[in-house]
Amino acid sequence: MELRLSDLRDGETGVVISIGISRGRGRGAAGRAGRGWGFRKRLEDMGLTPGTRVTVVRSAPLNGPVEVHVRDSRLAIGRGMAERILVEVKR
Amino acid sequence: MTKNRFTVALAGNANVGKSVIFNQLTGLHQHIGNWPGKTVEKAEGTLHFEDYSIDIVDLPGIYSLTTFSLEELISREYIAVERPDLVINIVDASLLERNMFFTLQLLELETPMILALNQIDMAKKKGIRIDHEKLERLLGIPVIPTVAVSGSGIYELLSKAVEVIEKKVEIEPLKAKYGKEIEERIERISSLLEKIQFKYPARWAAIKLLEGDDEVKKEIARINPDIVSAAEKLEKEIEEIHEHSCSTVIASERYEVAGRIAQEVREITPPIRPSTAERIHTLTTHKIYGYPVMVFSVLSIFYLIFTFGDYTSGLLGDSLFGLKPIFEGIFGTGVVGKLFWGGVMEGIIGGATVALPYILPFYFILYFLEDSGYLSRIAFLMDNFMHKIGLHGKAFIPIMLGFGCNVPGCLGCRIMETTRERLLAAFVVTLIPCAATTVIILGLVGAFVGIQWALALYMVDLLIIFFLGRLAFKALPGEPTALIMEMSDYRVPHLKTVLQQTWFKLIEFITMAFPLIIVGSLVIKIVEILNLLEPIANFFSPVTVAWLGLPAITGITLIFGVLRKELTLIMLATLFGTTNFAQVMTPVQMIVFTLVAMLYIPCIATIAVLVKEFGWKKTYFITVFEILLALLLGGVAFRLLSL
C-alpha cells in the first residue's frame, strides 16, 4: 500500500514512489518550480529516487526527524520532508 | 631545473575524508579564505613533489552539481571556468553507490580526473571489498585505494596525478548513457549548444537544461534564448513519457548507472556483530537515552572549556599586564604612553585573553566532535525543537557554540544550507548569552540579588530568542527549512587534521577581530584622555537614568561593554570603586542593568564576524535592532519591577 515515509514503523522498508512538492511555477526563489524544489532535488541527489528501497531505522521522539537507510548510507530527514515522500509498502 | 606548477582540485561528498587528504597533502602550507564574494570557505595549499609545485584547492563537500547550494555552484564553476589541471575525486569506499553518482557528474564536466578510493580500511570492517582495478576499467580513469588517516596511498595518488597531468597515461573517461529517449534529446540540445560559446561542455549544459537548472538557463538565455525554450519543450516531452519531472528521471537513471558500477566491483559480507560505531550510534540517537547523553556531553564540554579558559585567561592576563612597566619605561606615562598601553596593548590583551583560553579550545572540541560524527547526532535529536524557532536541527550547533562565545557561533552558521538560514541562525546566536554575559549575570544578579533571579534572566533571554526567532522566520522571505543530513559512521577523529583546522580558525579569528578590537579600545582611550566620559554619560542620562532608572555612570560601562561584555562589570567596579555592588545599586537596578547588558549589542568581535559573513547593512540592522530591543525591555522591566 501507499504510505508516507513518516508513517512507516521503525525497521520497515518501502520503495519510493514520488516526492511531492506543491505544483506551479512562481512563488519560489528565482522562478523555481514551486516551493520545495530544491529539497526534492537534494533528496534525489542523496539517493531517494523513485524505485529506491528505503528503510526507516528510527524516528526521533515528538515528531522529530526520521533516520533512514538508503543506498547503504544513513540519512536524517526532517518530519515535514518525510511526510512528502510517498512509498509503497507491503503490510 | 625549473619547477612545473600545477593546480589540482579535490572534490567529493561530505565526510569522505577529503579534509584529511587535503591536510596530508599540504600540511601547514595552506591558506583558508573565502571564495570571492561568497561566505563559503576556500582552502588552498601548496606542496612540492619531485620537480613539481602543486597547488591544491579543496572544493566543498557536496553530493551533486546543481544550484541547490552555493557550495555546488562554486564547485562546478571552479572546475569549468578555472580549469584545474586535474580533479581528484575522493570517494568513500563503503558508500560507493552514492559516491559514484557524484563521480558520474564530475565526469560529465569532461575534466581530467583520477579517483581516490578512500577509507578502504573502514569499508573492510563493514565487510565491503572493492575490486579497484575493475572500477578503474569501468570508469576509464585511474583509481588509487587510500587510507587517508594513515597516509597510505597518498604517495601513489600524487605520482598518478603527475602522470596524468603530464599525459604519460591516457585516460578515457566513461560517458554515462541515459535512456534512448533522453539521449536523443541531449543530442539535439548539445548540437545547438555547440554553435555558441559557453564555458561548460555542450553535453553537460544540455543535461543541465533538461534538469531545469536555473543558473545554466539564465546564462544561456543571455546568449541565445531560443535554445532555452527548445530545451524546455524537450524537457516537457520527457516528463510526459515518464510521468516524473525530467530532473527526477535523469537523477534516477544516473543512480542506476552508479548502482550498476557499484554492484559490479564490490563484494559484501556483512559482519555478524554490530560494530562499536554502530552501537554508539544507537545509543546517541536513542529516543530516551540520547538526550541525557547529549546534555551530559555538552555540559561537560562547557565545564571543561570554562575551567580551562578561566584559569589560562587569568594567567595570560596577569603575565601580559606584567609588561606594563616595560611599556611605560619606553613610551612614558604621557598621552602617547596612555594611548599605546591603554589603547593598543589593552585591546590586544583583551583579544588574546578571549581568543587563546576560550576560542581555541572551543574550535578544537568543535572540530573533534564534527570529525567524530557526533554533531550530526545532536542535530538529529534537536531538529524538532529547532523547528519551533524556524530553523532545523543543524542550527543547534552554532547556537550551542554561542553559549560559549558568539564569534564561533556566528561562524558556525556556515553549516546551514541557504543564506537565509545562515542569517536567521546568526541573528539568534547574537542573542545567546555567551560566557562573558554569564559572568555578568552570575557576578551581579546571581551574587547580589539571588540565583533564582539569575536563572529568571536566562529564561527571559531564551523566551526572547524563541519569539524573535519565530518572528524573523516569518519576516524573512524564502523557502521553508527542512533537515536533510547524512549521519556518517562514527570514527576516531584524525587529530592532526583537527589541530590544523583549529589553528587556521584561530588565525582567521585573530585577523578578523583584532583590528576592530584595537581600534575600538583606542577610540575609548582617546575619549577617556579627552575627559569626555562624563559628558557622554550625561548625554546618555535621559536613557540610562530617566528611562532605565540606572546610575548615570552605567552609560560609560555600557560603552566599554561593546569591546568585551564582561567589561561592563569590571568598569562598574572600577568607576564605583567597589566590588560590593549592593552598596551602590538597588536589586532592581542590577537586574535591569544585566538585562540590558545581556541584549544590547553584539560585542565588537561578533560585529566583525557579522560584517564578514553578511555585510555592513545587515550587521548594522541587527546591531541597531538589538540596542533598541534592550532599551525597550530594560525600561519595561524597570517599571514592572518597581511596582
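Once a new chain begins, its residue numbering starts again from 1 and follows that chain's sequence as written. Whichever chain is written first becomes A and whichever ligand is written first becomes 1, with later ones labelled in order. The model is predicted, so local features are restricted to residues of pLDDT at least 70 and side-chain atom pairs to those at 80 or more, both for listing and for counting; the totals for chains, interfaces and linings are taken over all residues.

## Quick look at the overall build of chain A
Moving on, step 1. If you tally the helices and strands in chain A, you get two helices and six strands.
Moving on, step 2. Put simply, chain A runs from its N terminus to its C terminus through helices and strands in the order β-β-α-β-β-β-α-β.
Moving on, step 3. In chain A, which comprises 91 residues, the share counted as buried stands at 47%.
Moving on, step 4. Of all intrachain contacts in chain A linking residues separated by at least 6 positions in sequence, the fraction that spans at least 24 positions is 57%. Strands here are runs of E lasting at least two residues and helices are runs of H or I lasting at least four, both read from the DSSP assignment and numbered beginning at the N terminus. In this scheme every C-beta is placed from the backbone, and a residue whose C-beta has 20 or more other C-beta atoms within 10 Å is buried, one with 12 or fewer is exposed, and one in between is partly exposed. Working definition of a contact: two residues with C-beta atoms, positioned from the backbone, lying within 7 Å.

## What to know about the overall build of chain B
Moving on, step 1. Summing up its helical and strand segments, chain B has 28 helices and 10 strands in all.
Moving on, step 2. The C-alpha radius of gyration of chain B comes to 28 Å, within 12% of the 26 Å expected for a compact globule of 643 residues.
Moving on, step 3. Seen through its principal axes, chain B has C-alpha atoms that stretch 85 × 60 × 55 Å.
Moving on, step 4. Within chain B, the proportion of its 643 residues that are buried is 47%.
Moving on, step 5. The long-range share in chain B, meaning contacts at least 24 apart out of those at least 6 apart in sequence, stands at 72%. Taken over C-alpha atoms, the radius of gyration is set against a globule rule of 2.2 Å times the number of residues to the power 0.38.

## Brief notes about helix 20 (residues 435-448) of chain B
Residues and elements named next belong to chain B.
Moving on, step 1. For a helix, the expected span equals 1.5 Å multiplied by the residue count minus one. Along its 14 residues, helix 20 runs 19 Å from first to last C-alpha, staying within 8% of the 20 Å computed at 1.5 Å per residue.
Moving on, step 2. Here helix 20 lies mainly inside the structure; 10 of its 14 residues are buried.
Moving on, step 3. Among the residues of helix 20, A435, A436, T437, T438, V439, I440, I441, L444, V445 and G446 are the ones counted as buried.
Moving on, step 4. Looking at the buried positions of helix 20, the neighbouring elements they touch are helix 13 (290-321), helix 15 (335-372), helix 17 (396-404), helix 21 (451-475), helix 25 (567-576) and helix 26 (587-599).
Moving on, step 5. One or two residues past the end of helix 20 sits G450, with phi positive at roughly 140°.

## Examining the sheet that holds strand 1 (residues 2-4) of chain A
Moving on, step 1. In this scheme, strands are said to pair when DSSP sees at least two bridges between them. Pairing is antiparallel across the open sheet formed by seven strands, whose spatial order is 1(A)-6(A)-2(A)-3(A)-4(A)-5(A)-10(B). Whereas interior strands pair on both sides, the edge strands pair on one side only; in this sheet they are strand 1 of chain A together with strand 10 (484-486) of chain B. For this sheet the average axis-to-axis angle between neighbouring strands, irrespective of direction, equals 40°.
Moving on, step 2. In this structure, strand 3 (residues 53-59) of chain A lies alongside strand 4 (residues 66-70) of chain A, joined through five bridges in antiparallel fashion. When the bridges of strand 4 of chain A are listed, S59(A) appears paired with V66(A). All axes here are fitted lines through C-alpha atoms, helices being fitted over the stretch that makes contact, and every angle between N-to-C directions spans 0 to 180 degrees.

## Considerations on unusual backbone geometry
Moving on, step 1. Even without being a glycine, R71(A) presents a positive backbone phi close to 45°.
Moving on, step 2. Relative to the assigned elements, R71(A) resides in the loop between strand 4 and strand 5 (73-77).
Moving on, step 3. A residue is classified by how many C-beta atoms lie within 10 Å of it, and R71(A), with 23 of them, is buried.
Moving on, step 4. Even without being a glycine, K167(B) presents a positive backbone phi close to 60°.
Moving on, step 5. Relative to the helices and strands, K167(B) resides in the loop between helix 6 (154-165) and helix 7 (180-193).
Moving on, step 6. Under the C-beta neighbour-count criterion, K167(B) is labelled exposed, with 9 such atoms within 10 Å.

## Thoughts on the interface of chain B and chain A
Moving on, step 1. The partner chain A presents 38 residues to the 33 residues of chain B that form the contact.
Moving on, step 2. Elements with a minimum of two residues in the side of chain B that touches chain A: helix 3 (96-108), helix 11 (246-265), helix 16 (374-387) and strand 10 of chain B.
Moving on, step 3. Ranked by the residues each element gives to the side of chain B that touches chain A, the list is headed by helix 11 of chain B, at five residues.
Moving on, step 4. Any residue outside Ala, Val, Leu, Ile, Met, Phe, Trp, Tyr, Cys, Pro, Asp, Glu, Lys and Arg is labelled polar, Gly included; the first ten of those are nonpolar and the last four are charged. Grouping the constituent residues of the side of chain B that touches chain A by class yields 13 nonpolar, 13 polar and seven charged.
Moving on, step 5. Where strand 5 of chain A and strand 10 of chain B come together, three bridges link them in antiparallel fashion. Along strand 10 of chain B, the bridge assignment pairs I77(A) with I484(B).

## Quick look at the nonpolar core
Moving on, step 1. Nonpolar cores are built from buried Ala, Val, Leu, Ile, Met, Phe, Trp, Tyr and Cys residues. These are joined into a set through C-beta atoms within 7 Å. Among the nonpolar cores identified, the biggest contains 206 residues, and L210(B), I359(B), V428(B) and I484(B) are the most heavily contacted of them.
Moving on, step 2. With 10 residues, the single largest contributor to this core is helix 15 of chain B.

## A word on the pairing of strand 3 of chain A
Residue and element names in this part refer to chain A.
Moving on, step 1. Taken together, the three bridges between strand 2 (residues 13-19) and strand 3 define a ladder with antiparallel strand orientation. Directly across from G14, in strand 3, lies its bridge partner V54.
Moving on, step 2. Between the antiparallel neighbours strand 3 and strand 4 lie six residues, among them L62 with a positive phi of about 50°.

## As for the sheet that holds strand 8 (residues 143-145) of chain B
Residues and elements named next belong to chain B.
Moving on, step 1. Strands sit in the order 2-3-4-1-5-6-8 across an open sheet of seven strands; the sheet is mixed. Two strands in the sheet have a free side with no partner beyond their single neighbour: strand 2 (30-34) and strand 8. The average angle at which neighbouring strand axes cross in this sheet is 25°, direction not considered.
Moving on, step 2. As judged from the six bridges shared by strand 5 (residues 86-92) and strand 6 (residues 113-118), these two strands associate in the parallel manner. By the bridge assignment, I90 is partnered in strand 6 with A116.

## Here's the deal with the environment of L610(B)
All names here are of chain B.
Moving on, step 1. Looking at the element boundaries, L610 is found in helix 27 (residues 604-614).
Moving on, step 2. What makes L610 buried here is the crowd of 27 C-beta atoms within 10 Å.
Moving on, step 3. It is 22 Å that separates the C-alpha atoms of L610 and P357, two residues lying 253 residues apart in sequence.
Moving on, step 4. Non-local contacts of L610, meaning those with residues more than four positions away in its chain, are made with C410, A426, P602, T619 and I622.

## Here's the deal with the confidence of the model for chain B
Moving on, step 1. The predicted model of chain B has a mean per-residue pLDDT of 89, with 99% of residues at 70 or higher.
Moving on, step 2. On the interface metric, ipTM, the complex scores 0.89, and its pTM is 0.87. Within a predicted model, pLDDT stands for the predictor's per-residue confidence, ranging from 0 to 100.

## Observations concerning the environment of L366(B)
Moving on, step 1. Along the chain, the position of L366(B) falls in helix 15.
Moving on, step 2. C-alpha of L366(B) to C-alpha of V428(B): the two residues are 62 residues apart in sequence and 19 Å apart in space.

## Examining the packing of helix 7 of chain B against helix 10 (residues 225-242) of chain B
Residues and elements named next belong to chain B.
Moving on, step 1. At their nearest, the axes of helix 7 and helix 10 sit 10 Å apart, and the two run at 180° to each other. The angle between the axes of helix 7 and helix 10 places the two elements in the roughly antiparallel class. Judged by residue contacts, E181, I182, R185, R188, I189, L192 and L193 of helix 7 engage I227, A230, A231, L234, I238 and I241 from helix 10.
Moving on, step 2. Here the contact of helix 7 with helix 10 is built from residues that sort into 10 nonpolar, no polar and three charged. Roughly parallel refers to an angle under 35 degrees, roughly antiparallel to one over 145, roughly perpendicular to one between 65 and 115, and oblique to any angle outside these ranges.

## A few points about the domain arrangement of chain B
Moving on, step 1. What fixes the domain bounds is an automatic or database domain assignment. Taken domain by domain, chain B consists of domain 1 (4-165), domain 2 (180-268) and domain 3 (516-641).
Moving on, step 2. Taken over C-alpha atoms, the centre of domain 1 of chain B sits 49 Å from the centre of domain 3 of chain B.

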